[in-house]
Amino acid sequence: MSILQHKEIVLGVSGGIAAYKAAALTSKLTQAGAKVSVVLTANACKFVQPITFEALSHRAVYTDTFKEPVPGVISHIDVADRADLVILAPATANIIGKYANGIADDMLSTMLLATTAPVMVAPAMNVNMYNHPAVQANMQRLLTYGVTMVEPNEGMLACGWVGRGRLAEPEEIVEAAIRFFEQKETTTKSLHSAPQQDLQGKKIVVTAGPTREKIDPVRYISNYSSGKMGYAIAEAARDRGADVTLISGPTALSIPAGVTFVPVESVQEMLDAVLQVYPQADVVIKSAAVSDYRPEQVYAHKVKKTQSEDFSLSLVKAPDILRTLGEQKTHQMLVGFAAETQEVEKHALDKMRRKNLDMIVANDVLQEGAGMGVDTNIVTIYQQDQAPIRLDKMSKRDVAERLIDVIKQNLQVAVQEA
């Protein structure tokens, strides 16, 4: 039986060309056993008629705040209250802006503000709109509200541009919904099993995600890091009773409850944030994938295409966060990560030595199931003067648990030797 069986899912559809995919999404969610209520904006109705969604969901479709099919029931409140999950797909720049800034002027935006259910947002728009600072800022604000982002795909867009902005495929959104309910079920079980609170009183700092180094107002240098490993570590440390600070670059992940969250963008911002809390930290786990280089010049305006076939970008070294922390280390346990593609052990041990680390977690990102963006990892944990701990392929949360176990053991040894 699908985990979506009997789940109440509200699907919000806003007015973009990708609205046609929402019909397929409705069908797939319904086939998986979910009870789907569809809410359409007026502009969405211009792309796909409400009757299409009624036929696929076998339920009434909502389009108008003031149209109450059942007397005595306020529709946007009723729909909001019964949701186990709200999915906004496609999410245009307009509805994202409304939601992020608390604007409620139609059935969909009003329902979004009224619901207390988790919300999953799947953006779809022109690549330049998606990269616009205002849209990026609105999406970051939604992440701070606990919204989950289903990242758009790259490719040919309806407008003719090529880039990021294509709505995730219906199958991908369904998978995201399944993962959400699976994680919720796992969290509920772990809460009931009362995990050991063996890190109470310990202050743990975790860095996660990618960094972005600006080229101009619409372009930047970054990497493929999803932040999943760092967020899993933060959650595992929190569940063991630690006081956790999560310093994260831009990701599409929901902020874990019960941690102090510090959003950053550039390497310098991440370094400044870590140094702010470093003196009080017992452990720093730097799992973020930061840029090694950044543009020497940041342009104030968008760099325009010229007749020249080539464009050269001069790069300079970015601040080295791990080296800085290693040089300033006093009592802290410092844990680094090494994402390698060849000679993994050699490079990991060299990095641990050069940067004065107590521990390093290394993986071969070319190995299936161990790269950036996936939900699993295959790592080896190296420590000073100890045999490597090699972990087989497992979920990133399981890797995080094993890493926290090793850190806890080292903390105990440090106390005994003190």
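Residues numbered from 1 in each chain as written. Predicted model: local features only at pLDDT ≥ 70, side-chain atom pairs only at ≥ 80, totals over all residues. Heavy atoms only, no water.

- As annotated in an unreviewed UniProt entry, the protein chain carries the name Coenzyme A biosynthesis bifunctional protein CoaBC and comes from Brevibacillus laterosporus LMG 15441.

### What about the packing of helix 1 (residues 19-31) against helix 3 (residues 50-57)?
At step 1: Running from N to C, helix 1 and helix 3 cross one another at 15°; their axes reach a closest spacing of 9 Å. Regarding the angle of helix 1 to helix 3, the classification is roughly parallel. In terms of crossing hand, the pair formed by helix 1 and helix 3 is right-handed. Residues A19, A22, A23, T26, S27 and T30 of helix 1 pack against T52, F53, L56 and S57 of helix 3.
At step 2: Partitioning the contact of helix 1 with helix 3 into residue classes produces 5 nonpolar, 5 polar and no charged. (Axes fitted to C-alpha atoms, helices over the stretch in contact; angles between N-to-C directions. Helix = DSSP H or I, 4+ residues; strand = E, 2+ residues; numbered from the N terminus. Parallel < 35°, antiparallel > 145°, perpendicular 65-115°, else oblique. Left-handed = near helix turned anticlockwise from the far one by under 90°. Contact = heavy atoms within 4.5 Å. Nonpolar A, V, L, I, M, F, W, Y, C, P; charged D, E, K, R; others polar.)

### With respect to the pattern of salt bridges
At step 1: Per the counting criterion, the structure on display carries 26 salt bridges.
At step 2: Measuring nitrogen to oxygen at the nearest pair gives 3.8 Å for the salt bridge that ties R166 to E169.
At step 3: Given a relative accessible area of 27%, E169 falls into the partly exposed group.
At step 4: The salt bridge involving D350 is made with R353; its shortest N-O contact spans 2.5 Å. You can see D350 and its partner R353 sitting in helix 13 (residues 344-354), 3 residues apart, about one turn around the helix.
At step 5: For R353, a relative accessible area of 57% puts it in the exposed group. (Salt bridge = Lys/Arg side-chain N within 4 Å of Asp/Glu carboxyl O. Buried < 20%, exposed > 50% of the residue type's maximum accessible area, 1.4 Å probe, protein only.)

### Quick look at the nonpolar core
At step 1: Formed by 37 residues in total, the largest nonpolar core has its most connected members in L4, L11, V13, L29, F53, I87 and I173.
At step 2: Only strand 1 (8-13), helix 1, strand 2 (35-40), helix 2 (44-47), strand 4 (85-91), strand 5 (119-123) and helix 9 (170-192) provide two or more residues apiece to this core.
At step 3: For this core, the element with the highest residue contribution is helix 9, accounting for 7 residues.
At step 4: Aside from chain neighbours lying at most four places away, what touches I87 is I9, V10, L11, G12, L25, L29, M120, I173 and A177.
At step 5: In this structure, V283, V335, V399 and L403 belong to the second largest nonpolar core, which totals 33 residues. (Core = buried A, V, L, I, M, F, W, Y, C linked by side-chain atoms within 4.5 Å.)

### Details of the UniProt feature "active site" (unreviewed entry) in the protein chain
At step 1: UniProt tags C159 as "active site" (unreviewed entry).
At step 2: Within the element layout of this structure, C159 appears in the loop between strand 7 (153-156) and strand 8 (162-166).
At step 3: Overall, the relative accessible area of 47% leaves C159 in the partly exposed class. (UniProt positions renumbered as here; feature names shortened; annotations may be inferred.)

### Some remarks on the sheet that holds strand 13 (residues 260-263)
At step 1: Read across the open sheet, the 8 strands follow the order 13-12-9-14-17-18-20-21; overall the sheet is mixed. Looking at the sheet topology across the chains shown, the edges are occupied by strand 13 and strand 21 (389-390).
At step 2: For strand 14 (residues 283-286) and strand 17 (residues 333-340), the ladder comprises 4 bridges, and the chain directions are parallel. Looking across to strand 17, one finds that K286 is bridged to G336.
At step 3: Against the sheet, helix 13 makes contact with strand 17, strand 18 (359-364), strand 20 (380-383) and strand 21, and its axis sits at roughly 155° relative to strand 18, the strand it touches most. (Pairing = 2+ DSSP bridges.)

### A word on the UniProt feature "binding site: CTP" (unreviewed entry) in the protein chain
At step 1: According to UniProt, the positions carrying the feature "binding site: CTP" (unreviewed entry) are D292, K302, P319, D320, I321, L322, F337, K351 and K355. Separation in sequence by 64 residues is matched in space for these annotated residues, since their most distant C-alpha atoms are 37.0 Å apart.
At step 2: Within the fold, F337 resides in strand 17.
At step 3: Overall, the relative accessible area of 15% leaves F337 in the buried class.
At step 4: Among all residues touching F337, those that are not within four sequence positions of it are M229, I233, I285, K286, S287, K351, I360, V361 and L403.
At step 5: Along the chain, K351 falls in helix 13.
At step 6: Excluding its chain neighbours within four sequence positions, the residues that come into contact with K351 are L322, F337, A338, L357 and I360.
At step 7: Only 2.7 Å separates the side chain of K351 from the backbone oxygen of F337, close enough to count as a polar contact. (Polar contact = N/O pair within 3.5 Å; in protein donor to acceptor, adjacent residues only side chain to side chain.)

### Remarks on the pairing of strand 1
At step 1: Of all the 6 residues making up strand 1, 6 are buried; the element is thus mostly covered by neighbouring parts of the structure.
At step 2: In this sheet, strand 2 lies alongside strand 1 in parallel orientation, the contact comprising 6 bridges. Looking at strand 2, one finds that L11 is bridged to V38.
At step 3: Handedness of the crossover is the feature at issue here: the chain leaves strand 1, passes through helix 1, returns alongside strand 2, and the resulting connection is right-handed. (Right-handed = clockwise from strand over helix to strand, strands pointing away.)

### Some points on the side chain of S57
At step 1: In this structure, S57 sits in helix 3.
At step 2: Side-chain polar atoms of S57 contact the backbone oxygen of F53, separated by 2.7 Å.
At step 3: Of note is the side chain of S57, whose polar atom sits 3.2 Å from the backbone nitrogen of R59.

### Looking at the environment of A257
At step 1: On the secondary structure map, A257 appears in the loop between strand 12 (243-248) and strand 13.
At step 2: Here A257 falls in the exposed class, since its relative accessible area comes to 57%.

### Some words on the environment of K98
At step 1: Turning to its location among the elements, K98 is positioned in helix 5 (residues 93-100).
At step 2: Judged by its relative accessible area of 13%, K98 is buried.
At step 3: Between the alpha carbons of K98 and L113 there is a distance of 9.8 Å; along the sequence they are 15 residues apart.
At step 4: Ignoring any residue separated from it by four or fewer positions in sequence, one finds K98 in contact with I103, D105, D106 and S109.

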